[in-house]
Amino acid sequence: MDTEGSGQELSRRQVLSTAGLAAIAVPLATRRHAPALVRRPDQAGAPGPEQVHVQFGADAATQVAVSWATAAAVSRPRLRLGQASLGHGQQAPAEGRAYTEALTGEIVQTYHVPLTGLHPDTQYVYEVLNDGAAPVTGTFRTGPRGRSRGFRFTSFGDQAIPAAVGLGLGPWTPNAGFIVPAVERLDPLFHLFNGDLSYANVSDAPVATWASFFNNNTRSAANRPWMPAAGNHENEVGNGPQGYLSYQTRFELPDNGSDEFRDNWYAFTVGSVRVISLNNDDVCLQDGGFSGFRRDHVPTYVSNGDNPYINGYSSGQQEQWLQRELARARGSDEIDWIIVCMHQVAMSSAHFNGADLGIRQNWLPLFDRYGVDLVVAGHEHHFERSFPVRGILPGSTVLTPAPQGTDPSLMDTSTGTVHMIIGGGGHSTPTPVSDFDMPHDGVLITSVGPGSPQVQHPTITTTEPAPWSAYRDLQTPYGFASFDVVPHEPGGTTSITVTHYGADLGSPVYSPRDQFVMRKSLNVHRQGDQLAGAATTR
Ligand SMILES: [Fe+2]
Ligand SMILES: [Fe+2]
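Residues numbered from 1 in each chain as written. Chains lettered and ligands numbered in written order. Predicted model: local features only at pLDDT ≥ 70, side-chain atom pairs only at ≥ 80, totals over all residues. Heavy atoms only, no water.

## A few points about the nonpolar core
For clarity, the cut-off: Buried Ala, Val, Leu, Ile, Met, Phe, Trp, Tyr and Cys residues that are joined via side-chain atoms within 4.5 Å together make up what is termed a nonpolar core. Here's how the labels work: a residue is buried when its accessible area is under 20% of the maximum for its type, exposed when over 50%, partly exposed in between, all with a 1.4 Å probe on protein chains only. Throughout, a residue-residue contact means that at least one pair of heavy atoms, one from each residue, lies within 4.5 Å.
Core analysis: the biggest nonpolar cluster contains 123 residues, and Val-66, Tyr-126, Phe-140, Leu-192, Phe-367, Met-420 and Phe-483 have the highest contact counts within it. Those residues within four positions of Met-420 in sequence are excluded, and the remaining contacts are Leu-374, Val-375, Val-376, Ala-377, Phe-383, Glu-384, Arg-385, Ala-481, Phe-483, Val-498 and Phe-516. In terms of nonpolar packing, the next biggest core, distinct from the first, is built from six residues, Ala-102, Val-237, Val-298 and Tyr-301 among them.

## Brief notes about the packing of aromatic side chains
Keep this limit in mind: A pair of aromatic rings is counted whenever rings of Phe, Tyr or Trp (Trp by its six-membered ring) have centres within 6.5 Å, and the orientation is called stacked for planes under 30 degrees apart, edge-to-face for over 60 and tilted otherwise. A run of DSSP states H or I qualifies as a helix once it reaches four residues; a run of E qualifies as a strand once it reaches two. Both are numbered from the N-terminal end.
For the coordinates displayed, the defined rule picks out 25 aromatic pairs. Ring centres of Tyr-126 and Phe-140 lie 6.1 Å apart, and the angle between their planes is 35 degrees; on these two criteria the pair is classed as tilted. Taken together, the residues span a long stretch of sequence, with Tyr-126 in strand β7 (residues 123-129) and Phe-140 in strand β8 (residues 136-141) at a distance of 14 residues. A connected cluster of aromatic rings, assembled from ring pairs, spans Phe-156, Phe-193, Trp-210, Phe-213, Phe-214, Trp-226, Tyr-247 and Phe-251.

## Considering the coordination of the iron ion (ligand 2)
Our working rule: Listed donors are limited to N, O and S atoms within 2.8 Å of the metal, widened to 3.2 Å for Na, K and Ca; water is not among them, so incomplete-looking sites are possible. Here the metal geometry follows the donor angles, with tetrahedral for four donors whose angles all fall between 85 and 135 degrees, square planar for four and octahedral for six when opposite donors are more than 155 degrees apart and every other angle is between 65 and 115, and irregular for all the rest.
Binding of the iron ion (ligand 2) to the protein goes through Asp-196 (OD), Asn-232 (OD1), His-343 (NE2) and His-379 (ND1), at separations of 2.1 to 2.2 Å. For the iron ion (ligand 2), the four donor atoms in the first shell make angles of 85 to 161 degrees at the metal, a pattern classed as irregular. Within one chain, the residues donating to the iron ion (ligand 2) are spaced in sequence as D-x35-N-x110-H-x35-H. Metal-to-metal, the separation of the iron ion (ligand 2) and the iron ion (ligand 1) is 3.4 Å; Asp-196 coordinates the two.

## So, the side chain of Glu-384
Inclusion rule: Under the convention used here, Asp and Glu are negative, Lys and Arg are positive, and both His and the chain ends fall outside the count. A pairing counts as a salt bridge when a side-chain nitrogen of Lys or Arg comes within 4 Å of a carboxyl oxygen of Asp or Glu. Each polar contact in these results corresponds to two N or O atoms within 3.5 Å; when the atoms are within protein, one needs to be able to donate a hydrogen and the other to accept it, and residues that are neighboring in sequence are counted only if both atoms are side-chain atoms.
Locating Glu-384 in the fold gives a position in strand β17 (residues 383-386). Buried charge without a partner: Glu-384 forms no salt bridge, and the closest opposite charge is Arg-472, 4.9 Å away. In terms of polar contacts, Glu-384 uses its side chain to reach the side chain of Ser-349, at 2.6 Å. There is a polar contact of 2.9 Å between the side chain of Glu-384 and the side chain of His-382. If sequence neighbours within four positions are ignored, Glu-384 has contacts with Ser-348, Ser-349, His-419, Met-420, Ile-421, His-440, Trp-468, Ser-469, Tyr-471 and Arg-472.

## Notes on the confidence of the model for the protein
This is how it is decided: The pLDDT value tells you how sure the predictor is about a given residue, anywhere from 0 up to 100.
Per-residue confidence for the protein gives a mean pLDDT of 90, with 89% of residues at or over 70. Here residues 1-42 scores under 50 on pLDDT; set against residues more than four positions off or in separate chains, the count is 120 contacts. Confidence over residues 527-538 falls short of pLDDT 50; this stretch has 30 contacts with residues more than four positions distant or in other chains.

## What about unusual backbone geometry?
Cis geometry marks the peptide bond from Met-438 to Pro-439; its omega dihedral reads 0 degrees. One non-glycine residue with positive phi stands out, namely Asp-187, at about 50 degrees. By secondary structure assignment, the location of Asp-187 is in the loop between α1 (175-185) and β10 (190-193). Here Asp-187 falls in the partly exposed class, since its relative accessible area comes to 41%. Even without being glycine, His-379 reaches a positive phi, approximately 75 degrees. On the secondary structure map, His-379 appears in the loop between β16 (374-377) and β17. Classification of His-379 as buried rests on a relative accessible area of 3%.

## With respect to the pattern of salt bridges
What the rule picks out here adds up to 23 salt bridges. Taking the shortest distance from any N to any O, the salt bridge between Arg-330 and Asp-373 comes out at 3.2 Å. Of the two residues, Arg-330 sits in helix α5 (residues 317-330) while Asp-373 sits in the loop between α7 (364-370) and β16, which places them 43 residues apart along the sequence. For Arg-330, a relative accessible area of 26% translates into the label partly exposed. The exposure class assigned to Asp-373 is buried, which follows from its relative accessible area of 1%. Of the charged contacts, one joins Asp-373 and Lys-520 as a salt bridge, the two residues approaching to 2.7 Å between their closest N and O atoms. With Asp-373 in the loop between α7 and β16 and Lys-520 in strand β27 (residues 511-521), this residue pair connects regions lying 147 residues apart in the sequence. Exposure class is identical for Asp-373 and Lys-520. Each is buried. A cluster of three or more residues bridged by salt bridges with shared partners is formed by Glu-95, Arg-97, Glu-252 and Arg-262.

Dropping the structure here:
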């Protein structure tokens with residue numbers, strides 16, 4: 001039995017009560033992280049749910065997971081689900097998962113309720129609760145089935161938190177708070193968080209940093225899935241073999257078939273879009289997970305042999321999974337768009353981190369072969385986007401991607417992959433204008449110098465031509481992008497309209513700064529009766 005604290009009469013797969021709603025099966029397989037054995041208070045005044053957030057399952061039309069944390073283990077954590085007009089008619093027990101923060105010894109208690117068998121394109125309401133505490137409410141909408149309806153999603157990375165915690169070692173700005181209602185105002189179906197979430201790995205108070213992060217974002221993330229990719233700052237050395245134990249414990253993401261690396265990469269389908277989330281630290285050359293504070297203060301750093309440099313950690317498992325995923329998606333009549341959400345970038349024109357040759361060597365040949373349409377990434381703390389790219393520039397020794405097309409406002413992704421850097425989520429160090437080469441060079445990490453678990457490997461960079469660069473914003477340090485998906489249009493095309501919203505430091509006003517359209521033909525066999533009915537954007 002893997003359920004922590006539910007203890008009630010209902011089993012994991014049991015269909016719960018009715019109230020006229022569709023049956024909800026509460027699955028799921030046992031997770032690898034054993035729940036901590038801690039006493040559970042059952043009296044009034046128990047800690048209640050906080051940090052509530054939702055995630056899609058592998059099929060966004062029918063699967064959603066609700067997750068939260070409590071300040072201590074609690075009795076009978078559970079979720080009540082319903083629809084607005086019918087009340088909370090069904091109840092499901094939560095699975096508890098905990099981890100111990102290596103830096104401080106704190107036990108972090110999280111709860112998760114994966115829901116299956118939901119109706120497509122349907123609004124649900126829920127509340128999460130435990131004995132002795134008030135419920136916390138939220139809502140979510142399931143994805144549309146196939147090409148039945150358009151939808152909107154949003155994306156940014158590199159957010160951090162809205163106010164200092166602990167000694168204030170981690171990044172924070174008011175914009176890390178302002179961006180949340182700015183996203184929420186657009187009412188996206190879901191949000192792609194392209195890595196570097198809380199920056200807890202550089203904080204003296206990592207647990208409080210995560211709490212600040214989730215409690216800041218729950219205004220939106222409790223109402224629509226915020227689907228993450230793990231960035232270099234999710235590597236909290238000492239928390240699990242690769243430092244991802246906090247990330248893995250706090251999220252409930254679609255199964256990738258690996259118990260060891262579950263949550264590190266995954267995929268889900270929403271409408272006719274297949275979204276693939278990758279963990280680039282597996283292939284990046286840069287030593288991006290290094291934290292001097294954790295080196296100096298995690299008590300077991302030396303005795304455990306902790307090492308934040310994790311290049312190659314999956315021994316090719318992620319790449320093999322990616323190839324299978326891409327082949328399956330590109331071969332599916334149900335999928336028109338393949339979108340990759342990841343953190344570090346394949347191209348950049350800034351001397352900030354720079355792009356990483358490891359991504360070009362490992363991922364881009366697969367993106368080319370299987371026709372990935374769009375990549376959203378962060379890591380560079382600014383906004384920049386490419387023309388569709390495929391192949392490499394003739395004679396390039398550093399695999400510089402070759403642009404296909406010259407129109408920055410209308411792009412056909414059947415000719416190549418559009419890459420976007422959307423790294424202005426809120427970090428206190430946006431890419432300075434002085435980091436951009438004038439004229440317009442690309443910047444690439446080609447190797448690293450000597451290093452060790454105690455000494456960060458220095459990066460070695462080079463510059464290159466940047467004919468792939470379609471647009472960059474040097475004016476507004478903070479921002480996010482929205483994506484309006486139209487699954488079919490008159491004439492047999494499908495499109496995604498992208499809008500970048502930017503804001504100044506200290507300003508809650510996020511204004512449109514840039515817009516472009518990706519459009520391509522639907523395959524002929526997809527233009528028949530399965531496209532009946534107008535598709536509208538919501
Ligand atoms: Fe970052
Ligand atoms: Fe990063």
